[in-house]
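Coordinates in review
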Amino acid sequence: FIHSIPSIISFIMSPATPTTAAVLNVFIVGGTGLIGTALRQMMTPPRVTSSGTQIVLVGYCNSRFGVTCSTGQTTTWNETTKFNDDFVQSCCGSNGNNNICIADCTASEDVSNHYVTWLQQGWHIATPNKKCNSGPLERYQACLEASHSGKSKWYTEATIGAGLPIVSTLRTLVATGDEIMSVQGIFSGTMSFLFNTWNATTTPFSTIVKQAQEAGYTEPDPREDLNGMDVARKVVIAAREAGWTSMELSDVTVESLVPTALENCSLDDFWKEFPQYDAALAERAANAAQEGKVLRFVGAVNVTTKSATVQLQALPSTHAFAGLTGADNIVQVETKRYGPAGGSTPLVIRGPGAGADVTAAGVLGDLVALANAK
């Protein structure tokens, strides 16, 4: 079935009142980026959840400076003044500092390395950053242990599908005793957009990639999307949430669409040389079309057989993954209850899987869930 998303902001949250007793202090790391800026805007003014907890943005930072919201003071980082936990606590002011959530809106490995310490000291984390929950197993398990053994919580809804309820759905299935057998889908908004809009008979693939890059649909260096590693990280996250908890990124077999010869060259050289590889991909598209199929970039994990892939697949035009538009994501989950084993269709989640606003909304949804948690 299709799992739809309620409007987090309009139904769960209401304007703050000064009599609110409970406060969740939120500090945004990466608060001046696209996602961080969108989240700051959604959190201004402060709001009160249905449980009566006020969600307050106390500060934010980037790699150059930090801002204390209560005073508007900007602190520039230098050799003697650097971002640290003391700065976060100082931003809480009269709110107290015993209920702090770090909203990590970066894609930084360095920030991820702080997660264990933050969780161990009782701070919460809500993030779209995939580096930790798809990264080295030892660090991932340390975060899980810290968040399960203490008072801290680690929310990661926005690490797959932006604001789509994918992680929470997988967790609910497991928590209610279902057995997840497989998870597959189109996990990348960028790759979805490329193959949803590319007409192989009229436009070279390199041209559509360039157009997408100029429109902001890809990373500045599109090889970061084309190499499949972003999708691979999301497959790892899905697998771990589905029960394959020992999975590592190296367990995923990845088909990169970046020619081997262009993996390490300069970006300028990549754009110069990439068109010569158009013919091979156009041939794959033509062969698929002759069979009534379309090309889609699919990530999949079979939890039962412990196998995972990221690859360009030729799918029938009637397939659920073939009918997407724009940068939509779609994820199909087969379990003992949902799918052939349960005598039904698989569970399907579909919707916008990229964009600052929907990603920030996913983080905000986690903040609301955290504020409402008892």
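The structure this text deals with has already been given above.
Residues numbered from 1 in each chain as written. Predicted model: local features only at pLDDT ≥ 70, side-chain atom pairs only at ≥ 80, totals over all residues. Heavy atoms only, no water.

Turning our attention to the overall build of the protein chain. When its secondary structure is counted, the protein chain shows 14 helices and 15 strands. Computed over C-alpha atoms, the radius of gyration of the protein chain comes to 22 Å, within 12% of the 21 Å expected from 2.2 N^0.38 for 374 residues, which places it in the range of a compact globule. Taken along its principal axes, the extent of the C-alpha atoms in the protein chain is 65 × 55 × 40 Å. Excluding contacts between residues fewer than 6 apart, the proportion of contacts in the protein chain whose partners are at least 24 apart in sequence is 67%. Accessible surface computed for the protein chain: about 16,700 Å², of which carbon and sulfur atoms make up 51%. Of the side chains in the protein chain, 24 bear a positive and 32 a negative charge, and the two mean positions are spaced by 6 Å. (Helix = DSSP H or I, 4+ residues; strand = E, 2+ residues; numbered from the N terminus. Rg over C-alpha atoms; globule rule 2.2 N^0.38 Å. Contact = heavy atoms within 4.5 Å. Areas by Shrake-Rupley, 256 points an atom, 1.4 Å probe, with all protein chains shown as cover. Lys, Arg positive; Asp, Glu negative; His and termini not counted. Charge placed at Lys NZ, Arg CZ, Asp CG, Glu CD.)

Aromatic ring pairs are described here by two measures, namely the spacing of the ring centres and the angle between the planes. Applying the stated criterion to the full structure yields 14 aromatic pairs. Relative to Phe87, the ring of Trp77 has its centre 5.1 Å away and its plane inclined at 85 degrees; by these criteria the two rings are edge-to-face. Residue Trp77 is located in the loop between strand E6 (73-76) and helix H3 (85-92), and its partner Phe87 is located in helix H3; the two are separated by ten residues in the primary sequence. Of the two residues examined, Trp77 and Phe87, each falls in the buried class. Here Phe270 and Trp271 contribute two aromatic rings whose centre-to-centre distance is 5.2 Å and whose plane-to-plane angle is 65 degrees, an arrangement assigned as edge-to-face. Here Phe270 and Trp271 have matching classes, each one buried. (Phe/Tyr/Trp six-rings, centres within 6.5 Å; stacked < 30°, edge-to-face > 60°. Buried < 20%, exposed > 50% of the residue type's maximum accessible area, 1.4 Å probe, protein only.)

What follows covers the pairing of strand E13 (residues 307-316). In terms of strand pairing, strand E11 (residues 252-254) meets E13 through three bridges, oriented parallel. Paired with Val254 across the bridge in E13 is Val310. Alignment of strand E12 (residues 293-302) against E13, held across ten bridges, turns out to be antiparallel. Along E13, the bridge assignment pairs Leu295 with Ala314. Taking the residues between adjacent antiparallel strands as the criterion, E12 and E13 are bridged by four residues, where Lys306 takes a positive phi near 55 degrees. (Pairing = 2+ DSSP bridges.)

Attention now moves to the packing of helix H8 (residues 189-197) against helix H9 (residues 205-214). When two helices pack together, their arrangement is given by the angle between their axes and by how far apart the axes lie. The N-to-C vectors of H8 and H9 enclose an angle of 130 degrees; their axes lie 10 Å apart at closest approach. Comparing their axes, H9 and H8 come out oblique. Handedness of the crossing formed by H8 with H9: right-handed. Listed contacts from H9 to Phe193, Leu194, Phe195 and Thr197 of H8 are Phe205, Ile208, Val209 and Ala212. Each residue belonging to the contact of H8 with H9 can be placed in one class, and the counts come to seven nonpolar, one polar and no charged. (Axes fitted to C-alpha atoms, helices over the stretch in contact; angles between N-to-C directions. Parallel < 35°, antiparallel > 145°, perpendicular 65-115°, else oblique. Left-handed = near helix turned anticlockwise from the far one by under 90°. Nonpolar A, V, L, I, M, F, W, Y, C, P; charged D, E, K, R; others polar.)

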